[in-house]
Amino acid sequence: MNAHDTFLARHSFIELTARERIRALLDKGTFRELLGPFDRIESPWLAMQNIVCQADDGAVIARGTLGGEPALIAAIEPAFQGGSIGEVSGAKIAAALELALGEFEAGRTIRPVVLFETGGVRLQEANLGLAAIAEIQAAIVALRAHVPVVGVIGGMVGCFGGMSLAAALCTELVMTRQARLGMNGPEVIEQEAGIEELDSGDRRLIWSMIGGEERVAVGLADTLVEDDTDQVRDAVLAAFERGVPKQHRTENIDGFIARLAQVNPDAIDPDTLRTLWGTS
Amino acid sequence: MENMRYEYPAKRPVTRRAHVGVVGSGDLEVLLSPSQNANAEVVIRTSVDGYGHVWKSVLDRFFQRYDGAAKIELNDFGATPGVVMLRLNEAVEASEGDTP
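If you're wondering where the values come from, they're calculated on a predicted model, not measured in any experiment. (Residues numbered from 1 in each chain as written. Chains lettered and ligands numbered in written order. Predicted model: local features only at pLDDT ≥ 70, side-chain atom pairs only at ≥ 80, totals over all residues.)

**Q** Any chance you could explain the overall build of chain A here in plain terms?
**A** Secondary structure summary: chain A contains eleven helices and seven strands in total. Its C-alpha radius of gyration of 19 Å places chain A within 12% of the 19 Å reference for a compact globule of 280 residues. Seen through its C-alpha atoms, chain A measures out along the principal axes to roughly 50 × 45 × 45 Å. Here the analysis covers contacts within chain A between residues at least 6 apart in sequence; of these, 73% occur between residues at least 24 apart. (Helix = DSSP H or I, 4+ residues; strand = E, 2+ residues; numbered from the N terminus. Rg over C-alpha atoms; globule rule 2.2 N^0.38 Å. Contact = placed C-beta atoms within 7 Å.)

What follows is the structure in structure tokens.
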């Protein structure tokens, strides 16, 4: 197959909406949405600030099966308010994860997946969004004792702010080459510290620092996939097959302290970081 | 943000609801559901103010062909009239098509 045919045979994950992404991952015909758009649980805060709401507040929750096993997927819609986490969208994701936890407490199993695509907290909802993100993080930590919690960062928004910490708490992270993962987004860093610190328009630099390839190379994410729904699905299934690890990434505190001690902040670049932290 | 409401005559009931689109830049979300009364009702929330006459023109044209007694809610984030028409037709197709 030449490059042209390979490209045509690929089904883009990035181009899909949150709802379509879940459908693409779940076994065919098993998608069942919880709190869908017709339940109209939308943000009570946006309209007060003259911003049009979305009927699902940008978070899609669905049950179904994944590789024949019961699954629950929470997906963030990248096109609505930059995937930002508001009171409602955040509560939906947290409640979904708590629902999954309830399955284990009742003696059943379920495979939880979070499709991240978010700039972090929704500034218009401030502390309420932050509180919801804390609940999401707590739910991931509680749930991952029972089952791998698998996160996917598809792109092109990426995953930033408090939700980058939620992503880091996941048992395994799947990223595309186009996806980015970081605490502060490059535009925010440029705005706050100046263009001398970071030129957010320099795409090559940005992706070399926080893109999927680099994040997987230094062990902050686990599987790098092409922008292809089959590859994303295979990577998610493989993560569940590996099961719950003895130690989660965020429990390796001494390891990360030792890693940080290796870094000279005055002379660090993506290549050096790969040499210092590289896993392969 | 501007809110608008329009009513159009309908001839037949609508049986299945449909949801298409997202409230993203240049796009809109359409929620089409069976209406309780005999008319079609359109409720619009748009981020762009002052285009009521354009909305009216688009809806007039849409309802020349569509006669379902539906409640249609539009959450708009700056979609052009062409995109609005496409989304409306997509919602009708999703509501009346064979595949659920």
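Next comes the rest of the write-up.
**Q** Explain the UniProt feature "modified residue: O-(phosphoribosyl dephospho-coenzyme A)serine" (unreviewed entry) in chain B to me, please; I cannot follow it from the model alone.
**A** Residues and elements named next belong to chain B. This chain's UniProt record puts "modified residue: O-(phosphoribosyl dephospho-coenzyme A)serine" (unreviewed entry) on S25. Counting through the fold element by element, S25 comes out in the loop between strand 3 (18-20) and strand 4 (28-34). When residues no more than four places from it in sequence are discounted, the contact partners of S25 are F77 and G78. (UniProt positions renumbered as here; feature names shortened; annotations may be inferred.)

**Q** Please clarify how the interface of chain A and chain B should be interpreted in this entry.
**A** Accessible area lost during the coming together of the parts is what is often quoted as the interface size. Counting residues at the interface gives twelve residues for chain A and 16 residues for chain B. Residue composition of the side of chain A that touches chain B, by class: eight nonpolar, three polar and one charged. (Nonpolar A, V, L, I, M, F, W, Y, C, P; charged D, E, K, R; others polar.)

**Q** What's the story with helix 9 (residues 229-242) of chain A in this structure? I'm lost.
**A** Each full turn of the α-helix corresponds to 3.6 residues, which orients residues three or four apart in the same direction. Residue and element names in this part refer to chain A. The terminal C-alpha atoms of helix 9, which comprises 14 residues, lie 20 Å apart, in line with the 20 Å expected from a rise of 1.5 Å per residue. For helix 9, every residue scored as buried is listed here: T229, V232, R233, A235, V236, A239 and F240. Looking straight down helix 9, one finds that the buried residues subtend no more than 160° of arc, so they occupy a single side. Along helix 9, exposed side chains directed more than 90 degrees from the buried face belong to E241 and R242. Lining the buried residues of helix 9 we find helix 2 (18-25), strand 4 (111-116), strand 5 (150-153), strand 6 (172-176) and strand 7 (223-225). (Expected span 1.5 Å × (residues − 1). Buried ≥ 20, exposed ≤ 12 C-beta atoms within 10 Å, placed from the backbone. Arc of directions from axis to C-beta.)

**Q** In this structure, what is going on with the sheet that holds strand 7 of chain A? I would like to understand it.
**A** Within a sheet, neighbouring strands are paired by backbone hydrogen bonds and run either parallel or antiparallel to one another. Residue and element names in this part refer to chain A. Read from one edge to the other, the open sheet built from seven strands follows the order 1-2-3-4-5-6-7, with strand pairing classed as mixed. Looking at strand neighbours, the two that pair on one side only are strand 1 (32-34) and strand 7, the edges of this open sheet. Going across the sheet, the axis of each strand differs from the next one's by a mean of 25°, ignoring polarity. On the sheet, helix 2 packs against strand 2 (59-66), strand 3 (69-76) and strand 4 and is oriented at approximately 160° with respect to strand 3. (Pairing = 2+ DSSP bridges. Axes fitted to C-alpha atoms, helices over the stretch in contact; angles between N-to-C directions.)

**Q** What should I look at first to understand the confidence of the model for chain B in this one?
**A** Close reading of the predicted structure is inappropriate where its pLDDT is low. Residue and element names in this part refer to chain B. Averaged over all residues, the pLDDT of chain B equals 95, while 97% of them reach at least 70. Element-level mean pLDDT values for chain B span from 94 in strand 2 (residues 12-13) up to 98 in strand 4. For this predicted complex, the interface confidence score (ipTM) comes to 0.92, while the overall pTM stands at 0.95. (pLDDT = per-residue confidence, 0-100.)

**Q** Please clarify how the packing of helix 1 (residues 52-65) of chain B against helix 2 (residues 81-96) of chain B should be interpreted in this entry.
**A** For any two helices packed against each other, the geometry is given by the interaxial angle and the distance between the axes. Residue and element names in this part refer to chain B. Running from amino to carboxyl end, helix 1 crosses helix 2 at an angle of 35°, the nearest separation of the two axes being 10 Å. Two packed elements cross with a definite hand, and for helix 1 against helix 2 that hand is right-handed. Here helix 1 contributes V54, V58 and F62 to the contact with helix 2, which in turn contributes P81, V84, M85 and L88. Within the contact of helix 1 with helix 2, the residues separate by chemical class into seven nonpolar, no polar and no charged. (Left-handed = near helix turned anticlockwise from the far one by under 90°.)

**Q** Teacher, can you tell me more about the pairing of strand 6 (residues 68-76) of chain B here?
**A** All names here are of chain B. Buried residues dominate strand 6, accounting for seven of its nine residues. Relative to strand 6, strand 2 runs parallel, the two being bridged by two bridges. Considered in strand 6, the bridge of R12 is made with G68. Note: strand 5 (residues 40-46) against strand 6, six bridges, orientation parallel. Pairing of V42 across the sheet is with I72, part of strand 6. One crossover worth recording links strand 5 to the parallel strand 6 by way of helix 1, and it is left-handed. (Right-handed = clockwise from strand over helix to strand, strands pointing away.)

**Q** When you look at the nonpolar core in this model, what are you seeing that I'm missing?
**A** Here is a general trend for soluble globular proteins: nonpolar side chains tend to be buried in one another's company. In terms of nonpolar packing, the biggest core is built from 65 residues, with I73, L97, V174 and V236 of chain A touching the most fellow members. The contact partners of I73 of chain A, leaving out residues within four places of it in the chain, are I22, L25, L26, A62, V113 and L115 of chain A. Ranked by size, the runner-up nonpolar core spans 29 residues in total, among them I44, L59, L88 and A91 of chain B. (Core = buried A, V, L, I, M, F, W, Y, C linked by C-beta atoms within 7 Å.)

**Q** Explain the environment of M85 of chain B to me, please; I cannot follow it from the model alone.
**A** All names here are of chain B. For M85, the location among the structural elements is in helix 2. Note: C-alpha distance between M85 and R45 (40 residues apart in sequence) is 16 Å. Each residue touching M85, except ones within four places of it in the same chain, is listed here: V58 and F62.

**Q** Just checking my understanding: could you explain the pairing of strand 3 of chain A for this structure?
**A** Sheet faces and side chains relate simply in a regular strand, where the side chains alternate between the two faces. Residue and element names in this part refer to chain A. Strand 3 sits mainly inside the fold: six of its eight residues count as buried. In this structure, strand 2 lies alongside strand 3, joined through eight bridges in antiparallel fashion. In the strand pairing of strand 3, G64 is matched with A71. Between strand 2 and strand 3, which pair antiparallel and follow one another directly, the connecting turn spans two residues, one of which, G67, has a positive phi of 60°. Pairing of strand 3 with strand 4 involves five bridges; the strand directions are parallel. When the sheet's bridge partners are listed, A75 is paired in strand 4 with L115. Note on the crossover from strand 3 through helix 3 (residues 87-105) to strand 4: the handedness is right-handed.

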